[in-house]
Each structure stands twice: as structure tokens, then as C-alpha cells.
Amino acid sequence: MSHPLYHQLSEQLGYLTWPLFICAFLSSLIVLERLALLLFELPKRDTWLTQLRRQPKSATPQEKQQLMTQISRGSSMLSKGTALLLAHSDHPRAMREEIATLWLVKQKRQLLSGLKILQVIGIITPLLGLLGTVLGLIEMFNQLGVSEGPVTPAQLASGLGLAMNTTAAGLIIAVPAITFAHLLTLWAEQRCNKMSHILNLLNLWLEGFDKALSLDNDTSAPQGTTLAHSTATSSSP
């Protein structure tokens, strides 16, 4: 941080310059990193899934191999989850469900990484601003206490300026932090729910259930499947 900028912030924010600056830096870093992940994941299209829906029939060994070849060209999370499911297609359905459940928990933890810290920053920065308000009022009253003459605006300006500046800085940091934390959490949960639902259908397709993939137009998951639906809606550890 350059000296002129640091001195200017120090005059406006007082002792809370560094705490507020650290909170702003961490929140910016987390938001940029999460947005980069979102922008990296959104453009990916699982064309293999569209082709598979057009031919909804039970899986044969040749179709499994062909699907593995198509999936190996993709890099989306759903492609990786499907590849994991197909790699264990010779196992019982319950075993595949457990494997996919563990994989979904790991993916959800990755998608929610850093968002708890962002929420904490959104909570503590207004409190830091409130602390700055109290410190500014204390400074103002101290200046009035040592003054023997009439009260002038200059005596009030320093303390009130510190009080208002810290409050504004805390809110400026907190509002974007809380907003992005909630929006990114909603996106992560929606993404996990979608992957869980599709992996459920693919698991049924591998089991020999004809036209299983045509069920993804329904609002509810097929009955009889237990694959990681609870993990997609649970909180990250």
C-alpha cells in the first residue's frame, strides 16, 4: 500500500484501517476465486448427455464403452461424476450409490469453499464499523473535555468523521460479501442437486431401466433411488 493512500485511509479510519483493509482484501480474493470457478464451469456443455437422452435404452457393454469415450473429452463436474459411475458399472447399484455419494460430498465441499469465511466477514465488518463509531465519539468527547472555550465545528469534525467513515467502510465491505456468499451458495446447491439427479438416472440406466434418462423432466427424483440426494441439500462440513 502506497504511503499517501495509507496515510489518507489512516486519517479517515483510525485504528481500524488494517482490520477493515484485511477484511476487504480477503472478501475480494474469495469472490474473485469463486467467480472464476463459476465462469470456468458455466460454459461447459455435456453434449454426450443430450445424445444419450435421444436414445433412452438400457446400457450394453458397447454403449458403456462409447459413453466413456465421449465423457473423456469433457471436463465438467458432471462428466467426471459419470465417468466415476461408469468405471464402477460392474459393482452392485448400492455400491455405485455409495461411491457417487462420497464424490458428491467432495464436490459440494469444493463448490462451497471459502463461502463460510465470506459470510463471517459480512457479519464482523459492520461490527468493526460500529466499533469505529464508538471510538470516534470517544475521541470527540475527549476533545470537548480538554477544551475550555466554546465548542467549534472543528472540534467535532475529527471524531464524527472517524465515526461515520468506519461505519460506511464496514457496510461497503459487508453488503457485497453477504450478497455474493448467498448467491454463490445458491448456485453451488443447485449445481449439486442437478448432478445428484442426473447421476440417479444414469445409475438406473446402468441397472437396465429402459428410458431412465427421459425421467429427468420430472420435478422429483425417481422412487427407489437414494443416491446422494441428502448430501446435495446438506450443509458443507
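Preceding block: the structure.
Quick caveat: nothing in here was measured; it's all calculated off a predicted structure.

Peer 1: For this particular structure, what's the right way to read the side chain of Thr 133?
Peer 2: Secondary-structure assignment places Thr 133 in helix H7 (residues 115–146). The residues touching Thr 133, leaving out its near neighbours within four places in the chain, are Ala 163, Thr 166 and Thr 167.

Peer 1: Please explain the packing of aromatic side chains as it appears in this structure.
Peer 2: Aromatic ring pairs: the centre-centre distance and the angle between the two ring planes describe each pair. Taken as a whole and judged by the stated rule, the model has one aromatic pair. Considering the side-chain rings of Trp 18 and Phe 21, the 5.5 Å spacing of their centres and the 90° angle between planes classify their relative orientation as edge-to-face. Highlighted residues: Trp 18 and Phe 21, both in helix H2 (residues 17–41), separated by three residues, approximately one helical turn. For Trp 18, a relative accessible area of 41% gives the class partly exposed. The class of Phe 21 is partly exposed, set by a relative accessible area of 35%.

Peer 1: How do you make sense of the pattern of salt bridges when you look at a structure like this?
Peer 2: It is possible for side chains bearing opposite charge to pair when their charged atoms get close. Evaluation of the coordinates by the stated rule reveals two salt bridges. Between Arg 34 and Glu 33 there is a salt bridge; the shortest N-O distance is 2.6 Å. Between Arg 93 and Glu 97 there is a salt bridge whose closest N-O contact spans 3.4 Å. Of this pair, Arg 93 and Glu 97 both sit in helix H6 (residues 93–111), four residues apart, which is roughly one turn of that helix.

Rules behind the numbers
Residues numbered from 1 in each chain as written. Predicted model: local features only at pLDDT ≥ 70, side-chain atom pairs only at ≥ 80, totals over all residues. Heavy atoms only, no water. Helix = DSSP H or I, 4+ residues; strand = E, 2+ residues; numbered from the N terminus. Contact = heavy atoms within 4.5 Å. Phe/Tyr/Trp six-rings, centres within 6.5 Å; stacked < 30°, edge-to-face > 60°. Buried < 20%, exposed > 50% of the residue type's maximum accessible area, 1.4 Å probe, protein only. Salt bridge = Lys/Arg side-chain N within 4 Å of Asp/Glu carboxyl O.

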